[in-house]
Amino acid sequence: MPLDMRLLIENEVLPFVRKPGRYLGNEWNSVRKTWNAAQVRMVFAFPDVYEIGMSHLGLQILYGLVNQHPQYLMERVFAPGVDLEELLRTKGIPLFSLESCRPLKDFDVVGFTLQYELSFTNILNMLDLAGIPLQSRNREASDPLVIAGGPGAFNPEPLADFIDLFLIGDSEESLPELLSRLQALKQEGANRQQVIFQMAQISGVYAPSLYQPVYAPDGRLQETAPDLEGIPGRVAKRLVKDLDEAYFPLRPIVPTVEVVHDRIMLEVLRGCTRGCRFCQAGTIYRPVRERSQKVLLNQAMQVYWATGHEEISLTSLSTADYSCVQPLTTKLLDLFQEHRVGISLPSLRVDAFSVDLAQEIQRVRRSGLTFAPEAGTQRLRDMINKGVTEEDLFNAAKKAFRAGWHSIKLYFMIGLPMEQNEDLDGIVSLAYRVLAIGRRIKRETNQKKSPSVTISVSSFVPKAHTPFQWAAQDAIAELKRKQHYLKSRLKDRGIEVKWHQSETSFLEGVFARGDRRLGRVLEIAWNKGCKFDSWQEHFKFETWMESFAEAGIDPHYYTRMIPLDEVLPWDHIDSGVSKRYLIKEYQAALELVHTGDCRFDKCPGCGVCFELNVDVILKGGTGDAPSPNRIR
Amino acid sequence: MPRLQIEFAKEGLARFTSHLELMKTWERAFRRAAVPVSYSEGFNPHPRMSFALPLAVGSEGARDYLEIIVKTEVDLGSLAEALSRALPEGLRVIAVTPLPDDSPSLMAQVVGANYLIRSFLSGPVSAEELNNAIEAFLALSEAVVTKEGKHGPKPQDVRPGVYCLQAELTGSKVELSMALKAGSQGNVRPEDVVKALIRHVGLPLKGEGLQIIRLDLLARGPQGFAALGENQ
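Attention in this report is confined to the structure presented alongside it. None of the values given here were measured: they were computed from a predicted structure.

So, how was this worked out
- Residues numbered from 1 in each chain as written.
- Chains lettered and ligands numbered in written order.
- Predicted model: local features only at pLDDT ≥ 70, side-chain atom pairs only at ≥ 80, totals over all residues.
- Heavy atoms only, no water.
- Helix = DSSP H or I, 4+ residues; strand = E, 2+ residues; numbered from the N terminus.
- Salt bridge = Lys/Arg side-chain N within 4 Å of Asp/Glu carboxyl O.
- Patch = residues over 30% accessible without salt bridge, like charges linked within 9 Å, V, L, I, M, F, W, Y side chains within 5 Å.
- Areas by Shrake-Rupley, 256 points an atom, 1.4 Å probe, with all protein chains shown as cover.
- Pairing = 2+ DSSP bridges.
- Axes fitted to C-alpha atoms, helices over the stretch in contact; angles between N-to-C directions.
- Buried < 20%, exposed > 50% of the residue type's maximum accessible area, 1.4 Å probe, protein only.
- Contact = heavy atoms within 4.5 Å.
- Buried area = accessible area lost by both parts, 1.4 Å probe.
- Polar contact = N/O pair within 3.5 Å; in protein donor to acceptor, adjacent residues only side chain to side chain.
- 1 Å grid on protein atoms, 1.4 Å probe; cavity = no way out; pocket = protein on both sides within 12 Å on 5 of 7 lines; lining within 4 Å.
- Points joined across faces, edges and corners; volume = space filled by probe spheres on them.
- Nonpolar A, V, L, I, M, F, W, Y, C, P; charged D, E, K, R; others polar.
- Core = buried A, V, L, I, M, F, W, Y, C linked by side-chain atoms within 4.5 Å.
- Disulfide = S-S within 2.5 Å.
- Left-handed = near helix turned anticlockwise from the far one by under 90°.

1. Comments concerning unusual backbone geometry
Glycine aside, the phi torsion of most residues is negative, and most peptide linkages are trans.
Residues and elements named next belong to chain A.
Alright, step 1. Following Arg-286, the chain continues to Pro-287 via a peptide bond in cis, the omega torsion being -10 degrees.
Alright, step 2. In this fold, Pro-287 is placed in the loop between helix 8 (281–284) and strand 12 (289–290).
Alright, step 3. Positioned with a positive phi, Arg-340 is a non-glycine residue whose angle comes to about 55 degrees.
Alright, step 4. By the element assignment, Arg-340 lies in the loop between helix 10 (325–336) and strand 14 (342–344).
Alright, step 5. The phi torsion at Glu-374 lies on the positive side, around 70 degrees, for a residue other than glycine.

In structure tokens form, the structure reads like this:
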């Protein structure tokens, strides 16, 4: 059977699709295990195309981790391109795993990663292509367990109808436990209900079918509580306490097809405590846990020889904050110079230190530099707790233009709470002043190339587990007005403005704070053909609005301002950061009060270290640690 | 700096690898095998390697070639061995040989290619009818087909570029052997020859789902064509 399936796919499917290399599963370092030798078989499902999925470090970590156990097997599947999907449907071929060309139904576990809300319809589409019932309650003994993890699992409710189990937090902690428990339960011949009940006892595992939301007559949520004895009322996230001890894939898969992030990813730290009040990652990945230089250098060398990549990226939420970033980059540059391996930083802070760092590692100024002041005025930057001043930005810009970069990209957000036209004017003014700095330096240094500034404007989306989770989201019309306002004032050939479609931001906002009732909308929209919603060419806003109407749900309910005492759909999911702290931060925002970073300032009392019995781990000691004045 | 010729096969699933992907794959294999490939100067250095002739996605290559420039003298045997261990499934080193400094690039030498094509039949045909059709095709002075180009469809006369053509019936398939013009002076694609056989002499071949194997590349030798690998 599998041999036939492989031949069928090789001869009658792959010759007719774009970039067939995405569906082969034979990349360098991919793992092909003997099917029958494995006790538990899982397929990692990424609900977007291969090029995006293969750029995701989490996939490589879990793939390596699970496959290092002889009794487990993990394969991969991605959302098929539109051309492949059409062929699969007309020929009646089920969605298959890449490595062994097996139908997804043959696996014990199908595990989705939830990286962004607008991938949810792809999950339904992939389940359907696999012939797995969409709704958990319609699945039978022979169907795989459908699980999901990643940041999206922190508000799991919109997917509660479709996912059997959610893994909250760092899955490298809970997944091996889940697989081992499943192996035992399989041997005992446990039925589906028993399996789900047993799994729900594993710390960090949330089984939505065992929790019932209760709504008040006016439609507001009253509680989401377990209806069985022995099931925890709240599910706390799992976390890796020490990154030096954590598993890291030393033989990651090297894609043959070019992917978005085609390079070695070294994870220098996890978590960020800068405390930007809009940022979900800043809460759910707390606290900061750094990896030591010694471990990183060793990993870099091993991964290089195992992959042959030409670039190493130092990844994290904010790599310039890594306490050993300077000595580490210097050592990496020295070590890899003879191999012509470049080092890159995915994100820079808005300061001169970051530009120095970029200058040191990027000997060739190929691309531009990107900074994220996020808001146009000091007042609004204080409100979101982004400790960046105009002076920081101008100093960074000066340094960058002097060092030979020609283009600077600035990230801003519109639609933030308390935003006024004056804040939009602030964006305009910053753009022109940065451009003026570039032009002045061009004249002074007789450069040929004209400087350019790109203003990338995204729309604020309130996210669960952040201090702004109660805030209202701007209506589509209001976002459009603000975009237009900016556009009409940013007219210079040296300035390019980019923005996000406000309809997409609206839908993202609905699902980001959505509840279980949205499951119906999701299914209706998928039925009407919605998929790849994050791709502008596929996004069907009208169809979405029809689907809300059909389900009898007003989407604006989910983008409104929520009273502080209202029960939230994700209240039973515990990030370790207390709700009391989030409220305090929300109020501090309204009062424009700054909250410090616990790495350099006093503990602001978010609660995560106490709650989850974990410590902030900084490897730099006092000598290398970034000084508080660099981290405002 | 020494020039090396690498003769290799691209087989099985590797046929789905595009030329661009293949270049990246070799570059990374050289790194994994610690082959001291020389890099170009400038802002965006790239490895000094070039292929004799790109191979289309979906086609296998039995004897393909690329040349590289290395920074230091290397032991060819151990280089071949290290490379073999560093290449993904479907790519196989056949031989690594030195190239004389003054020989023209492999790319400049290629004038033709031998192919083996297997095609399903779209209707019945006897061995005799098949041979007659091939003879009829070879007797044509031109055979124009519409080629899918980068800038939309355009006509091409493939006949002058067909140097040799034979066919054999094997069960439900036809096996075609052909020598075609290839290289920088002009290129005829085997799938276009199949198209021409359908269109101009009415051979009942299924034009799609072809199995294409490029058997060898041809250079101009002292007496007519010679296999590229034996032309040094």
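2. A look at the pattern of salt bridges
Residue and element names in this part refer to chain A.
Alright, step 1. Per the stated rule, a full pass over the model turns up 66 salt bridges over all chains.
Alright, step 2. Residue Lys-105 pairs with Asp-143 through a salt bridge whose shortest N-O separation is 3.3 Å. Here Lys-105, found in the loop between helix 4 (82–91) and strand 3 (109–113), pairs with Asp-143, found in the loop between helix 5 (120–130) and strand 4 (145–149); they are 38 residues apart in sequence, far enough to count as distant.
Alright, step 3. Taken together, the shared-partner salt bridges in this structure form one network comprising Asp-170, Glu-172, Glu-267, Arg-270, Arg-289 and Arg-291.

3. Focus: a nonpolar patch on the surface
Alright, step 1. A contiguous nonpolar surface patch, about 230 Å² in accessible area, is contributed by Met-418, Leu-590 and Leu-592 of chain A.
Alright, step 2. Looking at the secondary structure, you find Met-418 of chain A in the loop between strand 16 (407–414) and helix 14 (421–445).

4. Quick word on the sheet that holds strand 17 (residues 452–459) of chain A
Residues and elements named next belong to chain A.
Alright, step 1. As summarised here, the arrangement of the four strands in space is 15-16-17-18, forming an open sheet in which the pairing is parallel. Strand pairing shows two members of the sheet lacking a second neighbour, strand 15 (369–374) and strand 18 (495–499), which therefore form its edges. Taking the axes of each pair of neighbouring strands and ignoring which way they run, one obtains an average angle of 20 degrees across the sheet.
Alright, step 2. In this structure, strand 16 lies alongside strand 17, joined through eight bridges in parallel fashion. By the bridge assignment, Phe-412 is partnered in strand 17 with Val-457.

5. Focus on the pairing of strand 10 (residues 211–221) of chain B
Residues and elements named next belong to chain B.
Alright, step 1. Buried residues dominate strand 10, accounting for eight of its 11 residues.
Alright, step 2. Judged from the three bridges that link them, strand 3 (residues 59–69) and strand 10 form a sheet pairing that is parallel. Its bridge partner being in strand 10, Ser-59 is matched across the sheet by Ile-212.
Alright, step 3. The sheet contact formed by strand 5 (residues 110–120) and strand 10 spans eight bridges and is antiparallel. Residue pairing across strands places Gly-112 opposite Leu-218, the latter belonging to strand 10.
Alright, step 4. As defined by bridge partners, strand 10 adjoins strand 11 (residues 224–227) across four bridges and the pair is classed as antiparallel. Bridging across to strand 11, Leu-218 finds its partner in Ala-227.
Alright, step 5. A loop of two residues connects strand 10 with strand 11, the two strands running antiparallel in sequence.

6. Comments concerning the interface of chain A and chain B
Alright, step 1. Taken together, the contact between chain A and chain B spans 29 residues of the former and 24 residues of the latter.
Alright, step 2. Between chain A and chain B, roughly 2,200 Å² of surface is buried when both sides are summed, and carbon and sulfur atoms account for 53% of that area.
Alright, step 3. The largest share of the area that chain A buries against chain B comes from Trp-28, Thr-256 and Arg-340 of chain A, three residues that together contribute 26% of it.
Alright, step 4. For the pair chain A and chain B, the number of links is five salt bridges.
Alright, step 5. A salt bridge links Glu-310 of chain A to Lys-24 of chain B; the shortest N-O distance between them is 3.6 Å.
Alright, step 6. Applying the counting criterion to the chain A and chain B interface returns eight residue pairs in polar contact (both at pLDDT 80 or more).
Alright, step 7. If you list the elements that add at least two residues to the side of chain A that touches chain B, you get helix 1 (2–12) and helix 9 (293–307) of chain A.
Alright, step 8. Per element, the largest residue contribution to the side of chain A that touches chain B is four residues, and it comes from helix 9 of chain A.

7. What to know about the side chain of Arg-274 of chain A
Alright, step 1. Residue placement: Arg-274 of chain A occurs in the loop between strand 11 (269–270) and helix 8.
Alright, step 2. At 2.8 Å, the side chain of Arg-274 of chain A and the side chain of Asp-321 of chain A are in polar contact.

8. Things to note about empty space enclosed by the protein
All names here are of chain A.
Alright, step 1. Under the definition given, this model contains nine cavities of 30 Å³ or more.
Alright, step 2. Taken together, 16 residues form the lining of the largest cavity, with Gln-60, Pro-252, Arg-263, Ile-264 and Met-265 sitting closest to its centre.
Alright, step 3. The set of elements that each furnish at least two residues to the lining of the largest cavity consists of helix 3 (57–67) and strand 10 (264–267).
Alright, step 4. The residue inventory of the lining of the largest cavity, partitioned by class, reads 11 nonpolar, three polar and two charged.

9. Thoughts on the environment of Leu-53 of chain B
Residue and element names in this part refer to chain B.
Alright, step 1. On the secondary structure map, Leu-53 appears in the loop between strand 2 (49–51) and strand 3.
Alright, step 2. Between the alpha carbons of Leu-53 and Leu-121 there is a distance of 30 Å; along the sequence they are 68 residues apart.
Alright, step 3. Apart from residues lying up to four places away in sequence, Leu-53 is in contact with Val-110, Ala-182, Gly-183, Arg-214 and Leu-217.

10. A look at the side chain of Gln-483 of chain A
Residues and elements named next belong to chain A.
Alright, step 1. Mapped onto the secondary structure, Gln-483 falls in helix 15 (residues 476–489).
Alright, step 2. For Gln-483, a relative accessible area of 6% gives the class buried.
Alright, step 3. Sequence-distant contacts of Gln-483, defined by excluding residues within four places in its chain, comprise Ile-414, Ser-459, Trp-499, His-500 and Ser-502.

11. Describing the nonpolar core
Residue and element names in this part refer to chain A.
Alright, step 1. Leu-175, Leu-178 and Trp-544 are the most contacted members of the largest nonpolar core, which totals 110 residues.
Alright, step 2. The leading source of residues in this core is helix 5, at seven residues.
Alright, step 3. Beyond its immediate chain neighbours, meaning those up to four positions away, Leu-178 contacts Ile-147, Leu-165, Leu-167, Met-199, Ile-202 and Val-205.
Alright, step 4. If you look at the next biggest cluster of nonpolar residues, it comprises 66 residues, including Leu-297, Leu-328, Leu-357 and Leu-369.

12. Side note on the state of the cysteines
Residue and element names in this part refer to chain A.
Alright, step 1. Under the criterion given, the structure shown has zero disulfides over all chains.
Alright, step 2. Between Cys-276, a free cysteine, and Cys-279, which holds the nearest cysteine sulfur, the sulfur-to-sulfur gap is 6.3 Å.
Alright, step 3. Cys-606 carries a free sulfur, and the closest cysteine sulfur to it, the one in Cys-609, is 6.2 Å from it.

13. Observations regarding the packing of helix 6 (residues 171–188) of chain A against helix 7 (residues 192–199) of chain A
All names here are of chain A.
Alright, step 1. The interhelical angle for the contact between helix 6 and helix 7, taken along N-to-C directions, is 145 degrees, at an axis separation of 11 Å. By crossing handedness, the relation of helix 6 to helix 7 is classed as right-handed. Of the residues in helix 7, those in contact with Leu-178, Arg-181, Leu-182 and Leu-185 of helix 6 are Val-195, Gln-198 and Met-199.
Alright, step 2. Class assignment of the residues belonging to the contact of helix 6 with helix 7 gives a composition of five nonpolar, one polar and one charged.

14. Notes on the layout of surface pockets
Alright, step 1. Roughly 1,100 Å³ of volume is contained in the second largest pocket.
Alright, step 2. Of the residues assigned to the lining of the second largest pocket, the class counts are 12 nonpolar, six polar and 13 charged.

15. Structural notes on the sheet that holds strand 3 of chain A
Residues and elements named next belong to chain A.
Alright, step 1. The six strands lie next to each other as 2-1-3-4-5-6, forming an open sheet whose pairing is mixed. The open sheet terminates on both sides in strands that have one partner only, identified here as strand 2 (72–78) and strand 6 (205–206).
Alright, step 2. Relative to strand 4, strand 3 runs parallel, the two being bridged by five bridges. From the neighbouring strand, Phe-112 faces strand 4, where its bridge partner is Ala-148.
Alright, step 3. Across the sheet, helix 3 is in contact with strand 1 (40–46) and strand 2; its angle to strand 2 comes to roughly 155 degrees.
Alright, step 4. Seen against the sheet, helix 6 touches strand 1, strand 2, strand 3, strand 4, strand 5 (165–167) and strand 6 and runs at an angle of roughly 140 degrees to strand 1.

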